[in-house]
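Per-entry structural report
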Amino acid sequence: MVPLSSLGYHVVAPDQRGYGQTRSQNQTASSSPVTFNDDLTPFRMLNLVHDVVALVFALGHTSAALLVGHDFGSMVAAHTALIRPDLFAKLVLMSAPFPGTPSLPFNVSKGPRNAGVGGSYAPSADDLLASFDPPRKHYTTYFASPNANHDMLNANEGLHSFLRTYFHVKNADWRHNDPHPLTDASQLSRLPHYYVMPIDATMPEAVTHMASPHPTTDSESAWLPDDELVIYATEFGRTGFQGGLNWYRCMKDQRFMAELSLFGGKKIGIPAMFLSGQQDWGPFQVPGAFDKTREACPQMKDENVVFVAGAGHWVQQERPEDVVAHLTRFLQSVA
């Protein structure tokens, strides 16, 4: 944030809905955390987009030079730019592709209904994964389940150690991260267990099995020292994971996917960049999604598709200088 602000920009990195210090209008600081049985509607994508737009206005602006989102934040940033391109001059999607919105039935009088609402950003491959040997399940299915929050809060090794392991197996120093495009769903078994899990495993069990034993590397200690990791552990220990997990539940809920079909066929009409680490499976976890991102972002130039060497999923933390350099180049480029 500091290097970007030194260029003359105000740089804002808010807690997103369901994370950190955020709470609903009906909650107080002492209210109970979000639970699985609470109303899911507040976490639908359109509300996440509304938060971004409302924040720009609340800060006294009617435009922003750049909108950046990482992982699920990439999906929020993409939808925000899609819906309100008048507010944002440029867009950066980090680690997670944007395959476009669900489509509406097209030209139905000419034959069988073509692709329409009912799509999902999460792969609907549960039956296929269960048929693998050994059987697997998709992490989004697990995150949408009633037990995920409890499992992660009550990991056998403790919350701090679980988070350390989770960050470890998705960074560049974990030598088994060797991402590449997948041609179809039959190749999902090639994904690491943090994406395609053993069918009976919890997420703490899945990543602990992957990484055990794992001494923390010097480079990992540099970008995520324990005194910073304890902030994550303390906040998740206070709030739980359910607020964030509800994003995944909405992604798999046909009610909320159907309303996004309002934007079916619409392209992102501002200059865009895709930025990820070379050792990040995120861009390739859904077969074909990365290619669809280029279609959804027609103003994404080849030089603005960037894979940073020596970085995994946490590219902005693992290689901050490289990320700042690419963001600076993109900000200063002529569209």
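Residues numbered from 1 in each chain as written. Predicted model: local features only at pLDDT ≥ 70, side-chain atom pairs only at ≥ 80, totals over all residues. Heavy atoms only, no water.

**Brief notes about the environment of Ser186**
Mapped onto the secondary structure, Ser186 falls in the loop between helix 7 (159-169) and strand 4 (196-198). Judged by its relative accessible area of 47%, Ser186 falls in the partly exposed class. Distance from Ser186 to Leu129, taken between C-alpha atoms, is 8.5 Å for residues 57 residues apart in sequence. Residues within four places of Ser186 in sequence aside, it is in contact with Leu128 and Phe132. For Ser186, the side chain forms a polar contact with the side chain of Asp184, separated by 2.3 Å. (Helix = DSSP H or I, 4+ residues; strand = E, 2+ residues; numbered from the N terminus. Buried < 20%, exposed > 50% of the residue type's maximum accessible area, 1.4 Å probe, protein only. Contact = heavy atoms within 4.5 Å. Polar contact = N/O pair within 3.5 Å; in protein donor to acceptor, adjacent residues only side chain to side chain.)

**Digging into the pairing of strand 5 (residues 272-277)**
Of all six residues in strand 5, six are buried, a share of seventy percent or more. Burial along strand 5 is two-sided: the residues Ala272, Phe274 and Ser276 and Met273, Leu275 and Gly277 are all buried. Two elements, strand 2 (residues 91-94) and strand 5, share four bridges in a ladder whose sense is parallel. Across the sheet, residue Leu93 finds its bridge partner in strand 5, namely Phe274. Strand direction decides the pairing type here: strand 5 and strand 6 (residues 305-308), joined by four bridges, are parallel. Paired with Phe274 across the strands is Val305, a residue of strand 6. (Pairing = 2+ DSSP bridges.)

**Digging into the sheet that holds strand 5**
Judged by pairing direction, the sheet is parallel, and its four strands sit side by side in the order 1-2-5-6 without closing on themselves. Strands with a single pairing partner mark the edges of an open sheet, and in this sheet they are strand 1 (67-70) and strand 6. The mean inter-strand angle of the sheet, taken between neighbouring strand axes irrespective of direction, is 15°. Inspection of the sheet shows strand 1 paired to strand 2 by four bridges, in the parallel sense. (Axes fitted to C-alpha atoms, helices over the stretch in contact; angles between N-to-C directions.)

**Considering the nonpolar core**
Core analysis: the biggest nonpolar cluster contains 76 residues, and Leu91, Phe143, Met152, Phe162, Met203 and Ile268 have the highest contact counts within it. At seven residues, helix 3 (residues 72-83) tops the list of elements feeding residues into this core. Dropping the residues within four chain positions of it, Leu91 is found in contact with Leu66, Leu67, Ala77, Ala78, Ala81, Ile268, Ile270, Pro271, Ala272, Met273 and Phe330. Ranked by size, the runner-up nonpolar core spans 14 residues in total, among them Val92, Leu275, Val306 and Val315. (Core = buried A, V, L, I, M, F, W, Y, C linked by side-chain atoms within 4.5 Å.)

**Digging into the packing of aromatic side chains**
Under the criterion given, the structure shown has 21 aromatic pairs. Judged by centre distance (5.6 Å) and plane angle (85°), the rings of Tyr19 and Trp247 are edge-to-face. Note that Tyr19 is positioned in the loop between helix 1 (2-5) and helix 2 (45-58) and Trp247 in helix 11 (residues 242-251), a separation of 228 residues in sequence. Judged by its relative accessible area of 29%, Tyr19 falls in the partly exposed class. (Phe/Tyr/Trp six-rings, centres within 6.5 Å; stacked < 30°, edge-to-face > 60°.)

**Points about unusual backbone geometry**
The omega torsion of the bond from Asp133 to Pro134 falls at 5°, within 30 degrees of zero and hence cis. By the element assignment, Pro134 lies in the loop between helix 4 (126-130) and strand 3 (136-138). Backbone geometry places Asp71, a non-glycine residue, at a positive phi of 60°. Tracing the backbone through its elements, the reader meets Asp71 in the loop between strand 1 and helix 3.

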